[in-house]
Amino acid sequence: MKQEYLDSLIPKRSDFLDNLRYKSSLPESYAPIVQKPTEQLIITILQMIKPKRVLEVGTAVGYSAILMADNLPDDSSIITIERYKKHADIAVDNIFASGYEKKIRVIEGEAAEVLHWLDGGFDFIFLDAAKGQYIEFLPDILRLLNTGGVLLSDNILYHGMIEDDDKVERRKITIVKRLHMYLEEIMSNEKLTTSIIPIGDGVALSVKK
Ligand SMILES: C[S@@+](CC[C@H](N)C(=O)[O-])C[C@H]1O[C@@H](n2cnc3c(N)ncnc32)[C@H](O)[C@@H]1O
């Protein structure tokens, strides 16, 4: 079945989010944003588990953080980490414009460092940063995630390169190797139950036992 058809079934978002997605697709204000089927999965998970505390690694310009805020109970909060100052600054502006500045806190910094000092107790973690670093983040992610908490790792099929060696670009070899390590670890780690779902660029959906 054509992906365009499946995407066309996804409900329309708020005008604010649609405008932000459009702006982020323009060359002069480009920013990477979660794919629509993955975005729909995030909303579904949030409405299922109703998390109180959410952590996102990889804010970009704040699209997915605002999307999550739209779909969380009133007393929930989000911490989102971004190392690229330009993105973090734009995200803070976008979050303010969305009215969610009390719900979403942007931490500007390298995730490997921030995750180290952050206190735990998260019910949902959305991992959407440098794919080659997921394996490095994992010990802190496991510490920060509550028992019964859900971890969603995005882009784990990495444009088909994870399943098909022939597709691996030379300069991506190290990232692909590290993503393989990550997938093998989250599939076999005794603290997690994980399912790989081939939507968008591939996600891994894990629950902490
Ligand atoms: C795919 S984008 C995030 C998109 C965002 N979640 C959304 O859907 O709106 C990835 C972002 O993660 C940031 N990033 C990558 N590696 C990071 C790291 N190690 N620490 C903090 N931020 C990182 C990048 O600068 C980029 O803005």
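To be clear, the structure that these remarks concern was listed above.
Residues numbered from 1 in each chain as written. Predicted model: local features only at pLDDT ≥ 70, side-chain atom pairs only at ≥ 80, totals over all residues. Heavy atoms only, no water.

(A) Spotlight on the overall build of the protein chain. On a plain count of helices and strands, the protein chain comes out with eight helices and seven strands. If you line up the protein chain on its principal axes, its C-alpha atoms span 45 × 40 × 35 Å. Summarising the internal contacts of the protein chain: among those between residues at least 6 apart in sequence, 68% fall at separations of at least 24. With an accessible surface of roughly 10,800 Å², the protein chain has 54% of that area assigned to carbon and sulfur atoms. (Helix = DSSP H or I, 4+ residues; strand = E, 2+ residues; numbered from the N terminus. Contact = heavy atoms within 4.5 Å. Areas by Shrake-Rupley, 256 points an atom, 1.4 Å probe, with all protein chains shown as cover.)

(B) Highlighting the environment of glycine 121. Within the secondary structure, glycine 121 sits in the loop between α6 (111-117) and β4 (122-127). Separated by 69 residues in sequence, glycine 121 and lysine 52 place their C-alpha atoms 9.2 Å apart. Not counting the four nearest positions on each side in its chain, glycine 121 is found in contact with Arg53, Leu144 and Asn146.

(C) Highlighting the environment of leucine 55. With respect to the element layout, leucine 55 can be found in strand β1 (residues 53-57). Linking leucine 55 and phenylalanine 126, residues 71 residues apart in sequence, is a C-alpha distance of 6.3 Å. For leucine 55, the residues in contact, after removing those within four places along its chain, are Ile79, Ile81, Leu115, Leu118, Phe122, Phe124, Ile125, Phe126 and Leu144.

(D) Quick peek at the environment of glycine 109. Relative to the elements of secondary structure, glycine 109 occurs in the loop between β3 (104-108) and α6. Under the relative-accessibility criterion, glycine 109 is labelled buried at 17%. For the pair glycine 109 and leucine 183, spaced 74 residues apart in sequence, the C-alpha to C-alpha distance is 25 Å. The residues contacting glycine 109, other than those within four sequence positions of it, are Ile81, Glu82, Arg83 and Val114. (Buried < 20%, exposed > 50% of the residue type's maximum accessible area, 1.4 Å probe, protein only.)

(E) Geometry of the site of the ligand. Near the ligand there are 22 residues, and of these Ser64, Glu82, His87, Asp128 and Gln133 occur at the shortest range. Histidine 87 places a side-chain nitrogen or oxygen 2.8 Å from an oxygen atom of the ligand. Between the ligand and alanine 111, the relevant distance is 2.9 Å, taken from a nitrogen atom to a main-chain nitrogen or oxygen of the residue. Compared with its free state, where it exposes 610 Å², the ligand has 91% of that area covered by protein. Looking at the shell around the ligand, its residues break down into eleven nonpolar, six polar and five charged. (Near = heavy atom within 4 Å. Polar contact = N/O pair within 3.5 Å; in protein donor to acceptor, adjacent residues only side chain to side chain. Nonpolar A, V, L, I, M, F, W, Y, C, P; charged D, E, K, R; others polar.)

Purely spatial values, then, with no claim about function.
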